[in-house]
Every structure is written in structure tokens, then in C-alpha cells.
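Architecture and fold: a report
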Amino acid sequence: MTKKFIYEMKDFIKSKNALYCFISSLFFGVLSYLYLFMNNLHNWDNMYNTPAGYGAGTSSGRWFLSLIGEFVHKVWGKYNIPLFNGIVAIIILGVASCIIVKIFDIKNKWLCALIGGITVVFPPIASTMIYIYTVGYYGLAILFVALGALLVKELRILGFILGSLLFSCSLGIYQAYYPLCASIFILILIKMCMDSKSDIKEIILTGFKFLFSLALGYILYKFFLQCCLHLYNIELSPYQGIDKMGKIDISLIPSQIKDIFKSMI
């Protein structure tokens, strides 16, 4: 199973679909953000992290951001260079787009190009580009989500373990991309429901596998976070309730569900 997956990935990397998707990401990314890349548009976070910095780390629950940020600092240095940071982010997002094309087995070259273009210019990505000093790391978090979803989908035990580990690392960079992973899984299940080759038993078992991988990813995230908090001898910041992550007040669930649907509408 693993060898077959490796051969399939090699063929996909060489395919025109992957090329169209990746080139589209680069083209539309540069076209959309060139002004931003050529100018350093400051907000408070950007000023605070200039000339060096990668943003709030372990104290904000982003343990992997601290680890990878310090690693990059040692081997390369921390520089707030919009052009370099932006191009790196677009390349990473282009790779993530290609993985999404692979996940859903999209054959049409124009759809592949469309996915590549939409991914890099989608509003949440555009807003992230404002935080140019750390956008490369956030792009990496999205890549981890896409790659983890692919591994969980295509491989059995090994994919489940590696995918869950990637989910925990993605959470450790930025917690907001956890729902992205769940959304990809839901879309895969919807696709399976529309496919006449998939029976109900296979769909249910796949759904449980996806659910357990998300749960394991969160458990690993909490475990590694506690290890890093102990290692750095710090506590979670109270900012935006970060120190209360994972604590659920059952009595508030009905009102929270109501707020969710109200916000959607």
C-alpha cells in the first residue's frame, strides 16, 4: 500500500494537473500581492516583530511555531523581508493546492488551475498576508493540514499516525486551521456519498477514521504544548481566553450553537 502510494505521488508530481495548479498559485499569488511584497505595510504586530520575530509562540498555544521559529533563527536568522517571506508563502500554498487536487482526484486541468489560484487569494489567506513576518509559517500550517488529510485518506495505520502528528503540528503553528482539516474530511465523505462505488459501511468507517485522527491530533497537540510550557517554564497567556483552551462550559453550548448559526446567516 505504501509503495503504491509513493509511485502514485511520483506520477502526480510529474503530471500536468499538478503543474497547472502550482503555476496558477504562483501567478495569481504574485499578481495579487505584488504591491504588498514590495512595501512593508505596518500594523501593530508587524512593527512589534520588526526587524526580527515570528509572532506569539508557546504562550499563545503555538508550541510548534516557537520550535520552528527558533530553528530558522539559528540556521538562517529572523528577517521581516516582505518579498522573500511572501514568495516562500506562495510556494508553500502552491504545494498545498496540489495536494488538495490529489486528495479529490481532480482530472480537469482548468479546475486544477482554478483551485491553485483560489487557494492563494482566498480572503483568509489575503488577510494573513498582512502579517507578512510570519505568513510563511502559517502557510506551512495549511500544508500540514492538506498533507495530513491525504495521508489519513490514502494510507492505513501509518497514514493515520503521521496525519494526526501533522495535525498537531499545524495546531501548534496556528489553531485556526483545525476546522480546515475537518472541512476537507467532510468534503471527502460527501464525494464518497456521491460515488456509486462507495458503500455505506465504507463511508461510515472512513468517517470514524477521520474523526479519530482529528481527536488524536488534538490530544498530541495538548501533550506537546504541555511539554513545551514545562520546558520553557511559562504559562499560557490570558489573551482572548487562550489559557482556557479545551475547557468547555456545558451550560453555554446551546447559546454558542445559536451564535454559530446566527453568524452563518
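Residues numbered from 1 in each chain as written. Predicted model: local features only at pLDDT ≥ 70, side-chain atom pairs only at ≥ 80, totals over all residues. Heavy atoms only, no water.

What follows concerns helix α10 (residues 178–194). When the terminal C-alpha atoms of α10 are compared, their 25 Å separation across 17 residues agrees well with the 24 Å that a helix rising 1.5 Å per residue should span. Of all the residues in α10, the buried ones are C181, I184, F185, I188 and M192. Within α10, the buried residues cover an arc of 95 degrees as seen down the axis, which keeps them to one side. Turned more than 90 degrees off the buried face of α10, the exposed positions are C193 and M194. On its buried face, α10 is in contact with α5 (82–103), α8 (135–154), α9 (157–173) and α11 (200–232). (Helix = DSSP H or I, 4+ residues; strand = E, 2+ residues; numbered from the N terminus. Expected span 1.5 Å × (residues − 1). Buried < 20%, exposed > 50% of the residue type's maximum accessible area, 1.4 Å probe, protein only. Arc of directions from axis to C-beta. Contact = heavy atoms within 4.5 Å.)

This next bit is on the pattern of salt bridges. Tallied over the full model, the rule gives three salt bridges. One salt bridge connects K102 with E8, and the closest N-O pair in it is separated by 3.9 Å. Residue K102 is found in helix α5, and its partner E8 is found in helix α1 (residues 2–14); the two are separated by 94 residues along the sequence. Here E8 falls in the partly exposed class, since its relative accessible area comes to 29%. Among the salt bridges present, the one from K153 reaches E154, with a minimum N-O distance of 2.8 Å. (Salt bridge = Lys/Arg side-chain N within 4 Å of Asp/Glu carboxyl O.)

With that settled, the discussion passes to α9. The terminal C-alpha atoms of α9 lie 25 Å apart, and with 17 residues this matches the ideal 24 Å at 1.5 Å per residue to within 8%. Burial analysis of α9 places 12 of its 17 residues in the buried class, the great majority of the element. Inspection of α9 places G159, F160, G163, S164, L166, F167, S168, C169, S170, L171, G172 and I173 among the buried residues, and these make up the whole buried set. The inward-facing, buried residues of α9 abut α4 (63–75), α8, α10 and α11.

Let us now look at the nonpolar core. Generally speaking, nonpolar side chains in soluble globular proteins are found buried as a group. One finds I103, M129, I173, F185 and I188 to be the most contacted residues of the largest nonpolar core, which totals 64 residues. With 14 residues, α8 is the largest single contributor of residues to this core. Setting aside chain neighbours within four positions, we find F185 in contact with A149, V152, F167, F210, S213 and L214. (Core = buried A, V, L, I, M, F, W, Y, C linked by side-chain atoms within 4.5 Å.)

Further remarks concern the side chain of S168. Turning to its location among the elements, S168 is positioned in helix α9. Residue class for S168 comes out buried when judged on its relative accessible area of 0%. A polar atom in the side chain of S168 sits 2.6 Å from the backbone oxygen of L165. Among all residues touching S168, those that are not within four sequence positions of it are W63, G217, L220, Y221 and F224. (Polar contact = N/O pair within 3.5 Å; in protein donor to acceptor, adjacent residues only side chain to side chain.)

Below, the discussion takes up a nonpolar patch on the surface. Residues V30, L34, M38, F71, V75, W76, Y79, I81, L83 and F84 make up a contiguous nonpolar surface patch of about 1,000 Å² in total accessible area. Elements that contribute at least two residues to the nonpolar patch include exactly α2 (16–38), α4 and α5. Residue contributions to the nonpolar patch peak at three residues, all from α2. Secondary-structure assignment places V30 in helix α2. Accessibility expressed as a relative area gives 32% for V30, which makes it partly exposed. (Patch = residues over 30% accessible without salt bridge, like charges linked within 9 Å, V, L, I, M, F, W, Y side chains within 5 Å. Areas by Shrake-Rupley, 256 points an atom, 1.4 Å probe, with all protein chains shown as cover.)

Let's shift gears to the packing of aromatic side chains. A full pass over the atoms with the stated rule returns 15 aromatic pairs. Taken together, a centroid distance of 6.3 Å and an interplanar angle of 75 degrees make the contact between Y54 and Y137 edge-to-face. Linking Y54 in the loop between α3 (44–48) and α4 with Y137 in helix α8, this pair joins segments that are 83 residues apart in sequence. Its relative accessible area of 13% is what places Y137 among the buried residues. Among the aromatic residues, those joined into a ring-pair cluster are W63, F64, F144, F223 and F224. (Phe/Tyr/Trp six-rings, centres within 6.5 Å; stacked < 30°, edge-to-face > 60°.)

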